[in-house]
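Chain by chain, the residues run as shown.
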Amino acid sequence: MAEADINSEAQSESMPVLKSERIYDFKDYTVVITGFACAAWCFITGGTLALYVGVQTALVASIAGNIIAVLLMSLATQVISGKYGVDAYTSVRGVLGGRGTKVFLILMSIFVIAWLIILCMMVAKAVGNIVLGFTGIDITTGIPMFIVSVLAGAVCWLVAWKGPELLKKLNIFVAPVFVIILIFLFAVVSMNYGWDTVLSAEPLAPLDSEWLNFLIAFELSMGAGFSWWPNMGGLAKLCKTTRAAYWPNIIGLVFAATLDTVMGVAASLLVNSSDPTAWMIPMGGLALGTAALVLVIAADITACSVMLYNLGIGVKQVRSFLKLSWGKVTGLITLIAFIGMIWAEPLYDSFYIILGISSMSCAPIAMMQLVDYYAFRKKHISLRDAYNNSKSSKYYFWGGFNWVAIGVFAAAIVLYLLIFDPFLCVPQPAFVYCGATAIVCVFVAVVYYVLGKLLLVKRGIGGFSESAEKVSTESVGENNL
């Protein structure tokens, strides 16, 4: 009984999870991450890409953007979380410092809550389309949407409150569910439209340049890949090995998510709408379309619950939340999301903003983590110092902030905005060469390596001198991929 209590506490706190306490093997995590990846946000992404490119171009851009971003993001977060049994917000303290991490946590909290609002709004729109199909009554806007979104958020909170065991069971259901939805879409497209029609369909609102359209699709796909950063560590720390924490991401976050995204592009082009909830009934009829929307609702609820769980783990690092119960912490996050749902409809209609902000904020952090962990710390972090918020911590830097990393992060955001405007989805002249995120990734890696060597490693600030001299024995999981 004591072991179960310890397990439960470790899974709902920011404390490290020992290897003996972890619940996900390779197969379990593949199911969880695939179920999480295949939520209807892939369909929203597909709807957004359909504005600029057709199906064939979307396939190339989505695979290319996702695989680059997911590989980098996973090496930066999943490997460390799987090795040490910690969430991403703990592992990044060696980059940002204790107080710097809390500031970044606030930024990521806003980002994750925005995702929660969007998916809860999608649930509400799915319910609204079902009601419209059966009764002819339109409740897809206004107060009815707000009420249903709030109810969806409440259900998500109940699931997240129950913890990772329930999430694992739900994802065992959700992964096959999305296979069914994909089969449904594939069959409808094949029988009712034909793939020649799909492949020849023109984008909904393209720019004049085909190259720019491809680059925007590639850019948004990289944003989708990096957007997983806030949601990964809380799950990966429950993996029994680093192999189990790393490789399932390729299956789930790249290939499964890309397949869903491309089907989303196809459906958007055929129905002439980028809203996934508007596809199912027109494409499959009332009965099959309603069944598909019910499955979408189930998948979105599960995905929201996973995000809420991961954010709760991160928020537990803040002293004022540390002593609160798990239910109160996740409940408070949910209440904040309820307030944000007042503006859910315009946020839902401008989904591309989330993808752009993902690249702008998550890519620089991931790149600095890669340089820090692999080049500077030689694949070793100090757990004692990561959990030590006092001046004696090696990760205290200057007043709890690593100003080198913060400066590089700020410069990266400025550089991104000079190349691409994520709020209006408008490329600047320099964007035409290779997009914004790719340039930012190279910039951050080079600049942080040079400045880190000069201002941190050579001066022994941040525990770098010791990490270069010895390999830690603090890891609590499998070390090799």
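Residues numbered from 1 in each chain as written. Predicted model: local features only at pLDDT ≥ 70, side-chain atom pairs only at ≥ 80, totals over all residues. Heavy atoms only, no water.

A word on the overall build of the protein. Helix and strand content of the protein: 25 helices and two strands. Taking 2.2 N^0.38 as the reference for a compact globule, 481 residues should give roughly 23 Å; the C-alpha atoms of the protein span a radius of gyration of 22 Å, in line with that estimate. The dimensions of the protein, computed from C-alpha atoms along their principal axes, are 65 × 60 × 40 Å. The buried share of the protein, taken over its 481 residues, is 61%. Long-range contacts, defined as pairs at least 24 residues apart, comprise 85% of the intrachain contacts of the protein with a sequence gap of at least 6. Just so you have it, the protein exposes about 18,200 Å², and 69% of that area is on carbon and sulfur atoms. Computed over 28 positive and 27 negative side-chain charges, the inter-centroid distance for the protein is 15 Å. (Helix = DSSP H or I, 4+ residues; strand = E, 2+ residues; numbered from the N terminus. Rg over C-alpha atoms; globule rule 2.2 N^0.38 Å. Buried < 20%, exposed > 50% of the residue type's maximum accessible area, 1.4 Å probe, protein only. Contact = heavy atoms within 4.5 Å. Areas by Shrake-Rupley, 256 points an atom, 1.4 Å probe, with all protein chains shown as cover. Lys, Arg positive; Asp, Glu negative; His and termini not counted. Charge placed at Lys NZ, Arg CZ, Asp CG, Glu CD.)

With that settled, the discussion passes to the nonpolar core. Generally speaking, soluble globular proteins have nonpolar side chains that are buried together. Of all hydrophobic cores here, the largest spans 161 residues; its most connected members are Trp 229 and Tyr 448. If one sorts the elements of this core by residue count, helix α8 (residues 98–135) sits on top with 19 residues. If we skip the residues at most four places from it in the chain, Trp 229 touches Met 73, Thr 77, Ala 88, Tyr 89, Val 92, Phe 104, Met 108, Cys 362, Ile 365, Ala 366 and Gln 369. (Core = buried A, V, L, I, M, F, W, Y, C linked by side-chain atoms within 4.5 Å.)

Let us now look at empty space enclosed by the protein. Enumeration over the complete set of coordinates arrives at three cavities of 30 Å³ or more. Lining the largest cavity are 14 residues, and of these Trp 41, Thr 45, Ala 224, Ser 227 and Trp 228 lie nearest its centre. Only α3 (41–49), α4 (55–76) and α15 (248–271) provide two or more residues apiece to the lining of the largest cavity. Counted by class, the lining of the largest cavity contains eight nonpolar, six polar and no charged residues. One number sums up the size of the second largest cavity: a volume of about 60 Å³. For the lining of the second largest cavity, the secondary structure elements donating two or more residues are α8, α9 (143–162), α16 (280–315) and α18 (326–340). For the lining of the second largest cavity, the leading source of residues is α18, giving three residues. A per-class count over the lining of the second largest cavity returns eight nonpolar, two polar and no charged. (1 Å grid on protein atoms, 1.4 Å probe; cavity = no way out; pocket = protein on both sides within 12 Å on 5 of 7 lines; lining within 4 Å. Points joined across faces, edges and corners; volume = space filled by probe spheres on them. Nonpolar A, V, L, I, M, F, W, Y, C, P; charged D, E, K, R; others polar.)

This next bit is on the pattern of salt bridges. Pairs may arise between side chains of opposite charge once their charged atoms sit close together. As enumerated under the stated definition, the model contains two salt bridges in all. Here Asp 372 and Arg 377 are joined by a salt bridge, their closest N and O atoms 2.9 Å apart. Residues Asp 372 and Arg 377 agree in their burial class; the two are buried. A salt bridge links Asp 385 to Lys 394, with the shortest nitrogen-to-oxygen separation between them at 3.9 Å. Overall, Asp 385 belongs to the buried group, its relative accessible area being 11%. (Salt bridge = Lys/Arg side-chain N within 4 Å of Asp/Glu carboxyl O.)

Here the focus is the packing of aromatic side chains. Scanning the model with the defined rule gives 18 aromatic pairs in all. When the ring of Trp 157 is compared with that of Trp 161, the centres are 4.9 Å apart and the planes differ by 15°; the resulting orientation is stacked. Of this pair, Trp 157 and Trp 161 both sit in helix α9, four residues apart, which is roughly one turn of that helix. For Trp 157, a relative accessible area of 22% translates into the label partly exposed. Summarising the aromatic geometry, the rings of Tyr 416 and Phe 420 are spaced 6.2 Å apart at their centres and angled 90° between planes, so their arrangement reads as edge-to-face. An aromatic cluster of at least three residues, connected via ring pairs, comprises Tyr 89, Phe 104, Trp 229 and Phe 409. One Lys or Arg, Arg 93, reaches over the ring of Tyr 387 and ends 5.5 Å from the middle of that ring. (Phe/Tyr/Trp six-rings, centres within 6.5 Å; stacked < 30°, edge-to-face > 60°. Lys NZ or Arg CZ within 6 Å of the ring centre and 35° of its normal.)

What follows is about a nonpolar patch on the surface. Taken together, the side chains of Ile 143, Phe 146, Ile 147, Leu 151, Ile 339, Ile 342 and Trp 343 make up a nonpolar region of the molecular surface, amounting to roughly 770 Å² of accessible area. Here the nonpolar patch gets four residues from one element, more than from any other, and that element is α9. Among the structural elements, Phe 146 can be located in helix α9. (Patch = residues over 30% accessible without salt bridge, like charges linked within 9 Å, V, L, I, M, F, W, Y side chains within 5 Å.)

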